[in-house]
Amino acid sequence: MRTASLASACMGLFVSTSFAQQFEEIGQRALPGVTTTSGSPDVNWILEVNGGGVVLGDFSGTGNLDLVVVDGSTPERVQAGKPGEAPRLMLSQGDGTFALAGEDWDMAGGRWGMGGVAGDLNGDGALDLVVTEWGRDRVFLGGDGFQEVTAGAGLVGSFWGSSAALLDADADGILDLVVVNYLDFDFDQVASRTSGDCTWKGRPVNCGPEGLDAQADQIYRGKGDGTFESFGAGIGFVPRASAFGLGVVTGDFDADGDTDLYITNDSTPNHLWENVVAESGRSFKEVAMRRGVAVDANGREQAGMGVGTGDVDGDGRSDFFVTNFSGENHCLYLSGNRRSYRERSHMTGVAGTSTPLLGWGAGLADLDNDADLDLFAFHGHVYPQADRAGTDTAYGQLDYLMRNTGTLEEPRFAPEPLSARAPSVSRAAAVGDLDGDGDLDLVAVDRGGPVRVLRNELKPSAGSWLGVRLLDRTCANSAGVGARIELDFAVEAGDGGEGSVLTLRREITVSGGFQAGSPAEAHFGLGDLGVPIAGRVYWPSGDREAQDVPGSLLENIGKWNQIERPSK
Amino acid sequence: MSTVHLMGRQKVSLRIGGSPTLWLGLLGWALVLAGQTAAAQEPTDGAVEPKAPALSLPAANNLDRLGLDDVARAQGGAWSNFFVENQPNPEIMATVPAPIAGLASQAQASYSQADFPACLAQSREVLRMLPDFPPSLLVYGTAAFRLRRYGDCRIALDRFREVAPSEVWRTQVLGHALYSLGEFEAARDHYLAVMESAPDPRAVSLGARRGLALASYRMGKTADALLGLNGVVLLAPGDAEAHAWIAQVHFDLEQLDDALSAARKAMQLAPYEPRAYFLAYRALFEMADLAQTDEAAQAFESEAQRLQAKWVALSAAASEINTLHNRLLFHVGDPALLRALANQHKALGDIPSLIQTLESLIDTSDSSDPTTLTRRIFAMDSLRAVGADDQADALKAATTELFPGVEGLPE
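Residues numbered from 1 in each chain as written. Chains lettered and ligands numbered in written order. Predicted model: local features only at pLDDT ≥ 70, side-chain atom pairs only at ≥ 80, totals over all residues. Heavy atoms only, no water.

**Some thoughts on the overall build of chain A**
Stage number 1. Helix and strand content of chain A: six helices and 39 strands.
Stage number 2. At 22 Å, chain A has a C-alpha radius of gyration in line with the 24 Å of a compact globule built from 568 residues.
Stage number 3. Oriented by its inertia axes, the alpha-carbon framework of chain A measures out at about 70 × 55 × 50 Å.
Stage number 4. Counting across all 568 residues of chain A, residues that qualify as buried make up 65%.
Stage number 5. Summed over all atoms, the accessible surface of chain A reaches about 18,700 Å², with 47% contributed by carbon and sulfur. (Helix = DSSP H or I, 4+ residues; strand = E, 2+ residues; numbered from the N terminus. Rg over C-alpha atoms; globule rule 2.2 N^0.38 Å. Buried < 20%, exposed > 50% of the residue type's maximum accessible area, 1.4 Å probe, protein only. Areas by Shrake-Rupley, 256 points an atom, 1.4 Å probe, with all protein chains shown as cover.)

Next up, the structure:
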């Protein structure tokens, strides 16, 4: 294993890149005319606040990342009984631009779309789609086109679904579904901004979430054919109090080999659900308070919106990055000893810049291919009134890259605007290599505005990389969602002493935080680490044995590679 | 029992962030303007020439017109002689036209009544008529901070620093504003400037000392933070918030015993503040995980759960109380909000806070107001409910005096 001093020395040698406008906004040509609807510019109701969603995945099976845009609606359409704007699939052209898919991929509008997630629900190798709605959540099976199967999918009720996650919760090789719900909204029951009932900094604004009823999140057991059923009461997943759920990520947070959940809640404590196997069976236990990720370091609940996860400090356990309201700060929870976390936003440089910002889509990814994880966050206030005098914030805000300039043991983040774009009202965002050039690009939705593509203009000399996609023909979870991939690198000692081994870890996940779906793939920026000396895949279906990564693949750096699970 | 009296004017504590120990001792000198209505005189050298008084007070509820962005600045050096040996120059003060001085006095009164929007509106008008008038810049900046308009606070106090560079030591609230904006390095630098420019080390408030420690902490300088916080509790052993921050720093450093010890001290000093309970239960859970024996682990676990439950209850109440305080900033003296706030404090058993709230609620002696009596009856009921019978009796006596013959007051 690596030693601290060697790792620090190694990190110091990683390639440094100027980040001046590293991301170029190419939405005008990548997604010409693609916009979303989310009520009116006045934002009279909280329903109009959250905007649409984005889901990245290879729906067409071409090897490129396609994009699903989840669209919303307007109060007028709802009151007229009209469906919301339809979600739509934009097919990758391979160069970071997209074109609307043909009619086989058409999806009808629901009531008011929010977010979504994609995964292989029926084991046919094609990507399927779940769309969350203010209304009934929806399921589309993919292949040569989309087929809506919502009616028989087994999803229960009609709530305000914000985000969704697919995970193999019971390690049976089939993807299960978690829907994160926000609050009980009814135009006839919730006061609008014009009522004057609700104020922020002395000014009338839309009402909620305080004073409204939170809705419970839902978990479903996948049946492997695109339908779902209840897990039964034994699965747990019932918190002490329902919360205003907005974002979700999955991962093996307690390092016990199965998949756990972390859900960010608006104005209520966040939830960490540990997947626990006992004699009585499998269940989810809510431990956020105990682990230290429910509230901030002062014990105050935040407005948890977006969330990302990844191993920032190289200790083998995932950390969390949560975006919050203006006047709060974004929270970086770093894993510590004994499965607990500490909020270290200030010490790592995350807090100060984020204090006046209101964050949504967020994540951890190696955006400069230097082998450590950076942070990104998209911003925009919930109230247009933020532009009025004396608020210390603004409605339109800059989106930020927080580049990791520290060491593995002591990560430190330097914030800078993601692109040269003027401040905007951003919402959901997803990360993936849209143009196949090995650096990670971003796609984001403006509230009631365009879908943006931010192309990473990282120079090829910045650092090498290696991409991994998994294929598992032994079970329905064909993309290996929940698998962990580790790559080992030999690190020379700076003082001529004995070298060490540095291990980089990634998990295959498809839940992209707030109203976003991410592609089922692992991206490793390599910096100056060179060729991995070994690699392992820990498949998600319960057995803890690792599959060695073939040596030929390890040498295939600078490319996306596929690893197939051996048949049993 | 509390020393707060129920029959006086509302006592406005200049607290920051709810801390009873972070007093802003910077207004006293500025308030010397109160009551001065000297006739306009020729300005002395260095003072600005006042414009003809033509007051056009913006409505305090027009929150868009309270900023200073469009308020003109004084010419360079205009107030260079305003302070003499750290005191306002009476000769210059005497040149202030009476209407402007009167308005400045009103601003102070508004501040004292916690009517910060009105205070801003009045101070702004003073500054419009008498650009960069140092006392009003200070009053404005402090009121803006209380109203959580940190950017406006910064504008006012940056201007004050420019026109009265020798008086930087009076502007610790600017450090608080910078800290609240997330500009920790600037906050630290400002606190240092405040401390270094104080004419006497004793003039450096605990607020500035603690602010410097916290800004250091936010910058990751935990050793500096601990040094500063320990300095604060040496000067003020009863500073619960400083003890809680010490607990926080130790917890971050994974020094669980020290964290727990400091948290217990903070809990003892401020039993209704949730934060120390939070730190204590987190430390105890981790101690349970580390314990050598099952018995020890169980003991830590049990106490952790007890304190966690306490924290949950206090935290929920604090959230409600914070919401009410936020609304009261813009609905000054609203009786419904004050009653709700009193009920929160009553439910907690927090008698000092209850009394303070009730003082605001009954802050009228207008016997012709039909609500005066009902407010007092509510206050008496509340006081008796928490066992504050002395205060209830005093209020009853005063009420009987104000309403001769009234019967049925709560016993």
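**Here's the deal with the confidence of the model for chain B**
Residues and elements named next belong to chain B.
Stage number 1. Per-residue confidence for chain B gives a mean pLDDT of 85, with 85% of residues at or over 70.
Stage number 2. Considering only residues more than four positions removed or in separate chains, one finds that residues 7-29, a stretch of pLDDT under 50, has 72 contacts.
Stage number 3. Interface confidence for the predicted complex, given as ipTM, is 0.90, next to a pTM of 0.91. (pLDDT = per-residue confidence, 0-100. Contact = heavy atoms within 4.5 Å.)

**Structural notes on the sheet that holds strand E39 (residues 560-564) of chain A**
All names here are of chain A.
Stage number 1. Strand order in the open sheet formed by three strands is E36-E31-E39, and the pairing between neighbours is mixed. Of all the strands in the sheet, the pair left with one neighbour each is strand E36 (522-527) and E39. When strand polarity is set aside, the average angle formed by the axes of neighbouring strands in this sheet is 25 degrees.
Stage number 2. Here strand E31 (residues 464-471) runs beside E39; their pairing, made up of five bridges, is parallel. Looking at E39, one finds that Leu471 is bridged to Glu564. (Pairing = 2+ DSSP bridges. Axes fitted to C-alpha atoms, helices over the stretch in contact; angles between N-to-C directions.)

**Quick notes on the interface of chain A and chain B**
Stage number 1. Counting from both sides, the interface comprises 31 residues of chain A and, opposite them, 37 residues of chain B.
Stage number 2. Summed over the three residues of chain A that lose the most area to chain B, namely Arg290, Arg338 and Arg342 of chain A, the buried surface amounts to 24% of that side.
Stage number 3. Where chain A packs against chain B, one counts seven salt bridges.
Stage number 4. Those elements that place two or more of their residues in the side of chain A that touches chain B are helix H4 (288-291), strand E23 (341-343) and helix H5 (351-354) of chain A.
Stage number 5. Taken together, the residues that form the side of chain A that touches chain B break down as eight nonpolar, ten polar and 13 charged. (Buried area = accessible area lost by both parts, 1.4 Å probe. Salt bridge = Lys/Arg side-chain N within 4 Å of Asp/Glu carboxyl O. Nonpolar A, V, L, I, M, F, W, Y, C, P; charged D, E, K, R; others polar.)

**Details of the state of the cysteines**
Stage number 1. Applying the stated criterion across every chain, the model contains one disulfide over all chains.
Stage number 2. Each disulfide pairs two cysteine sulfurs, and for Cys198 of chain A the partner residue is Cys207 of chain A, the sulfurs being separated by 2.0 Å. Looking down the S-S bond of the Cys198 of chain A and Cys207 of chain A bridge, the torsion is 105 degrees, so its handedness is right-handed.
Stage number 3. Assessed through its relative accessible area of 5%, Cys207 of chain A is described here as buried.
Stage number 4. Counting only cysteine sulfurs, Cys119 of chain B is the nearest neighbor of Cys153 of chain B, a cysteine outside any disulfide, at a range of 12 Å. (Disulfide = S-S within 2.5 Å.)

**Some thoughts on helix H3 (residues 116-129) of chain B**
Stage number 1. Between its terminal C-alpha atoms H3 of chain B stretches 20 Å, which fits the 20 Å expected from 14 residues at 1.5 Å a residue.
Stage number 2. Extensive coverage of H3 of chain B is indicated by the burial of 13 of its 14 residues. (Expected span 1.5 Å × (residues − 1).)

**Notes on unusual backbone geometry**
Stage number 1. Residues Gly208 of chain A and Pro209 of chain A are joined by a peptide bond in cis, for which omega reads -5 degrees.
Stage number 2. Structurally, Pro209 of chain A is set in the loop between strand E13 (203-204) and strand E14 (218-222).
Stage number 3. Of note, Ala255 of chain A is a non-glycine position whose phi angle comes to about 55 degrees, a positive value.
Stage number 4. Looking at the secondary structure, you find Ala255 of chain A in the loop between strand E16 (244-251) and strand E17 (260-266).
Stage number 5. The residue Glu254 of chain B is not glycine, and still its phi comes out positive at about 60 degrees.

**Observations regarding the pairing of strand E11 (residues 176-181) of chain A**
Residues and elements named next belong to chain A.
Stage number 1. Among the six residues of E11, six are classified as buried, and the element is accordingly described as predominantly covered.
Stage number 2. The alternating pattern of E11 places Asp176, Val178 and Val180 and Leu177, Val179 and Asn181 on opposite faces, both of which are buried.
Stage number 3. Strand direction decides the pairing type here: strand E10 (residues 159-167) and E11, joined by six bridges, are antiparallel. By the bridge assignment, Gly161 is partnered in E11 with Asn181.
Stage number 4. Pairing of E11 with E14, which is carried by three bridges, proceeds in the antiparallel orientation. Bridged to Leu177 within E14 is Tyr220.

**A short note on the packing of helix H12 (residues 274-290) of chain B against helix H13 (residues 294-330) of chain B**
All names here are of chain B.
Stage number 1. Look at H12 against H13: their axes get within 8 Å of each other, and the N-to-C directions meet at 155 degrees. The orientation of H12 relative to H13 falls into the category roughly antiparallel. Here H12 runs over H13; the crossing is left-handed.
Stage number 2. Among the residues forming the contact of H12 with H13, the class breakdown is 16 nonpolar, three polar and three charged. (Parallel < 35°, antiparallel > 145°, perpendicular 65-115°, else oblique. Left-handed = near helix turned anticlockwise from the far one by under 90°.)

**Some thoughts on the nonpolar core**
Stage number 1. By size, the foremost hydrophobic cluster in this structure holds 115 residues, and its most contacted members are Tyr262 and Phe320 of chain A together with Trp79 and Phe133 of chain B.
Stage number 2. Top contributing element to this core by residue count: H12 of chain B, with ten residues.
Stage number 3. Counting residues in each nonpolar core, the second largest holds 51 residues, with Leu47, Cys207, Phe244 and Ala516 of chain A among its members. (Core = buried A, V, L, I, M, F, W, Y, C linked by side-chain atoms within 4.5 Å.)

**Considering the pairing of strand E21 (residues 319-322) of chain A**
All names here are of chain A.
Stage number 1. The alternating pattern of E21 places Asp319 and Phe321 on one face and Phe320 and Val322 on the opposite face, and all of these are buried.
Stage number 2. Where strand E20 (residues 307-310) meets E21, four bridges bridge the pair, whose relative direction is antiparallel. Note that in E21 the partner of Gly310 across the bridge is Asp319.

**Considering a negative patch on the surface**
Stage number 1. There is a patch of like negative charges on the surface, built from Glu103, Asp104, Asp106 and Asp144 of chain A.
Stage number 2. By the element assignment, Asp106 of chain A lies in the loop between strand E5 (98-100) and strand E6 (113-119). (Patch = residues over 30% accessible without salt bridge, like charges linked within 9 Å, V, L, I, M, F, W, Y side chains within 5 Å. Lys, Arg positive; Asp, Glu negative; His and termini not counted. Charge placed at Lys NZ, Arg CZ, Asp CG, Glu CD.)

**Overview of the pattern of salt bridges**
Pairing between side chains becomes possible if they bear opposite charge and their charged atoms approach one another.
Stage number 1. Taken as a whole and assessed by the stated rule, the structure comprises 45 salt bridges over all chains.
Stage number 2. Across the pair Arg403 of chain A and Glu416 of chain A runs a salt bridge, and its minimum N-O distance is 3.8 Å. Residue Arg403 of chain A is found in strand E26 (residues 400-404), and its partner Glu416 of chain A is found in strand E27 (residues 413-417); the two are separated by 13 residues along the sequence. Side by side, Arg403 of chain A and Glu416 of chain A carry an identical accessibility label, which is buried.
Stage number 3. The shortest N-O distance in the salt bridge between Arg124 of chain B and Asp70 of chain B comes to 2.8 Å. With Arg124 of chain B in helix H3 and Asp70 of chain B in the segment before strand E1 (83-84), the pair connects residues that are 54 residues apart, well separated along the chain.
Stage number 4. One salt-bridge network, held together by shared partners, links Glu25, Asp399, Arg421, Asp446 and Arg452 of chain A.

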